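Structure at a glance
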Amino acid sequence: MRSLDLSVDIAGLSLKTPLILASGILGLSGRLLAKISRAEGVGAVTTKSIGLKPRDGYPNPTIILLPYGLINSMGLPNPGAEAFLKELDEAEDLSSPLIASFYGYSVDEIVETARIIAKHPRVSALELNVSCPHVSGVYELGFKPELVAEAVSKVKKIIDKPLFVKLSPNTHLIVDVARAAAEAGADGLTAINTVKALAIDTELFRPILSGVYGGLSGPALKPIALRCVYEIYKEVDIPIVGCGGVSNSLDVVEFILAGASAVALGSVIAFKGVGVFRELAEGLSSYLERKGFRSVREIVGLSHR
Ligand code: SIN
């Protein structure tokens, strides 16, 4: 049982622990999000990415399990912003902040979607997804610092809640995009989304996923995500949520030492269930005690000194 206080403040949000449910995992149901928010070790929950209009996503197969992670190609299935408000009505008794993830195919669509979802009282913050690697139109936005800056500054003008931007690792410009988002007024960055990936059926001679491309997550992603967090922390002065391939508490520690103020969990929940939040919170607490620290804050970015 952990004894240390793991609370963190990030971009105006107060979290009981630095552990966040990543977007894309279990995030379409309001009731389920509320249930996860009450689980031990959870600091915040993020919804699945919501667009202006409903989207079916891709037909099966949409997931491939690999020895070192998984490739998903869900295709951003979601009910659309207006319908999702009803889902948020169902998210009763949230005991951690809820971050609403959203996307758009253009700056105007991003702004309109933000306007709709930000008004729900259960939304504590927004996360702009400009990095889904298998949905054309969304994917390319995140490679363009000037477009991301335009979207962020327009969204910030119409919402009064913190805004995170979820960055793509599929560009050498990730630090430029991060800097552009920060200068335009983003309150935090989530690094990273999945890496664009492919798998081929050797019997049928064709790509396995119906969407052709997918996003690689899980342990194989961790060193890439860690490198991105480290590079961004050096150059950009707003809080970072590290995301990518966490599977144990020392992975969480590594992200924080690289510069993350909080860490999002994704694929590991598919493998270990929601109980992993408690396991990782306890591991983080033991690490801090063993090394003589009293708070998470003391180790953010420590590997840069
Ligand atoms: C999906 O829902 O298709 C995945 C979202 C993402 O990779 O950004």
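What comes next is a walk through the structure. (Residues numbered from 1 in each chain as written. Predicted model: local features only at pLDDT ≥ 70, side-chain atom pairs only at ≥ 80, totals over all residues. Heavy atoms only, no water.)

This paragraph deals with the pairing of strand β5 (residues 63-66). Bridge analysis of β5 against strand β6 (residues 69-72) gives four bridges, and the strand direction is antiparallel. Bridge pairing links L65 to L70 in β6. What sits between the antiparallel neighbours β5 and β6 is a turn of two residues. (Pairing = 2+ DSSP bridges. Helix = DSSP H or I, 4+ residues; strand = E, 2+ residues; numbered from the N terminus.)

Further remarks concern the sheet that holds β6. Taken in spatial order, the four strands make up an open sheet running β5-β6-β14-β11, and their pairing is antiparallel. In this open sheet, the two strands that pair with only one neighbour each are β5 and β11 (195-197). Within the sheet, the average angular offset between the axes of one strand and its neighbour, ignoring direction, is 30°. Two strands pair when backbone bridges link them, and β6 and strand β14 (residues 214-217) are joined in this way by three bridges, in the antiparallel orientation. Residue pairing for β14: I71 is matched across the bridge by L216. (Axes fitted to C-alpha atoms, helices over the stretch in contact; angles between N-to-C directions.)

Turning next to helix α1 (residues 30-37). Restricting attention to buried positions, one finds in α1 the residues G30, L33, A34, I36 and S37. For α1, the angular spread of the buried residues around the axis is 165°, confining them to a single face. Turned more than 90 degrees off the buried face of α1, the exposed positions are R31 and K35. Buried positions along α1 lie against β3 (19-21), β4 (44-46), α2 (81-89), β7 (98-102) and α9 (276-291). (Buried < 20%, exposed > 50% of the residue type's maximum accessible area, 1.4 Å probe, protein only. Arc of directions from axis to C-beta. Contact = heavy atoms within 4.5 Å.)

A word on the side chain of S249. Inspection of the secondary structure puts S249 in helix α7 (residues 249-258). With residues up to four places along the chain from it excluded, the contact list for S249 reads L280, G283 and L284.

What follows deals with the site of the ligand. Around the ligand, a shell composed of K48, N72, M74, G75, L76, P77, N129, C132, P133, H134 and N193 is seen. A distance of 2.4 Å separates an oxygen atom of the ligand from a polar side-chain atom of K48. A distance of 2.9 Å separates an oxygen atom of the ligand from a polar atom in the side chain of N193. Look at the ligand: alone it shows 260 Å² of surface, and the protein chains cover 92% of it. (Near = heavy atom within 4 Å. Polar contact = N/O pair within 3.5 Å; in protein donor to acceptor, adjacent residues only side chain to side chain. Areas by Shrake-Rupley, 256 points an atom, 1.4 Å probe, with all protein chains shown as cover.)

All right, on to the pairing of strand β8 (residues 125-129) then. Along β8, five of the five residues are buried, which leaves the element largely enclosed by surrounding structure. In β8, alternate side chains face the same way, and those of A125, E127 and N129 on one face and L126 and L128 on the other are all buried. For β7 and β8, the ladder comprises four bridges, and the chain directions are parallel. Within the sheet, the bridge partner assigned to I99 lies in β8 and is A125. Regarding the hand of the β-α-β motif, the stretch spanning β7, helix α3 (residues 107-118) and β8 is right-handed. Note: β8 against strand β9 (residues 163-166), four bridges, orientation parallel. (Right-handed = clockwise from strand over helix to strand, strands pointing away.)

Here we take up the packing of aromatic side chains. With the rule as written, the count across this model stands at two aromatic pairs. Ring plane angle 70° and centroid distance 4.7 Å describe the contact between Y139 and F143, whose orientation is recorded as edge-to-face. The exposure class assigned to Y139 is buried, which follows from its relative accessible area of 10%. Assessed through its relative accessible area of 21%, F143 is described here as partly exposed. If you follow R55 out to its NZ or CZ, it ends over the ring of Y58, 5.8 Å from the centre. The cationic tip of K196 hangs over the ring face of Y213; the distance from NZ or CZ to the ring centre is 4.2 Å. (Phe/Tyr/Trp six-rings, centres within 6.5 Å; stacked < 30°, edge-to-face > 60°. Lys NZ or Arg CZ within 6 Å of the ring centre and 35° of its normal.)

In this section: the pattern of salt bridges. For the structure shown, the criterion picks out 13 salt bridges. The partner of D187 in a salt bridge is K156, and the shortest N-O contact between them spans 2.8 Å. Of this pair, D187 sits in the loop between α5 (174-183) and β10 (188-191) while K156 sits in helix α4 (residues 145-158), and the two are 31 residues apart along the sequence. Classification of D187 by relative accessible area gives partly exposed; the value is 23%. By relative accessible area, K156 is classed as partly exposed at 25%. (Salt bridge = Lys/Arg side-chain N within 4 Å of Asp/Glu carboxyl O.)

So, about the sheet that holds β7. One closed barrel holds the eight strands; their spatial order is β3-β4-β7-β8-β9-β10-β15-β16, and the pairing between them is parallel. Neighbour to neighbour, the strand axes of the sheet diverge by 25° on average, direction disregarded. Judged from the three bridges that link them, strand β15 (residues 240-243) and strand β16 (residues 262-265) form a sheet pairing that is parallel. When the sheet's bridge partners are listed, V241 is paired in β16 with A262. Where α7 meets the sheet, its contacts fall on β3, β15 and β16, and the angle it forms with β16 comes to roughly 140°. Those strands touched by α9 are β3 and β16, and its axis lies near 165° from that of β3.

To continue, consider the side chain of T17. For T17, the position within the fold is in the loop between β2 (13-15) and β3. T17 sits in the buried class, given a relative accessible area of 1%. A polar atom in the side chain of T17 sits 2.6 Å from the backbone oxygen of G41. A polar contact of 3.4 Å, which involves the side chain of T17, links it to the backbone nitrogen of G43.

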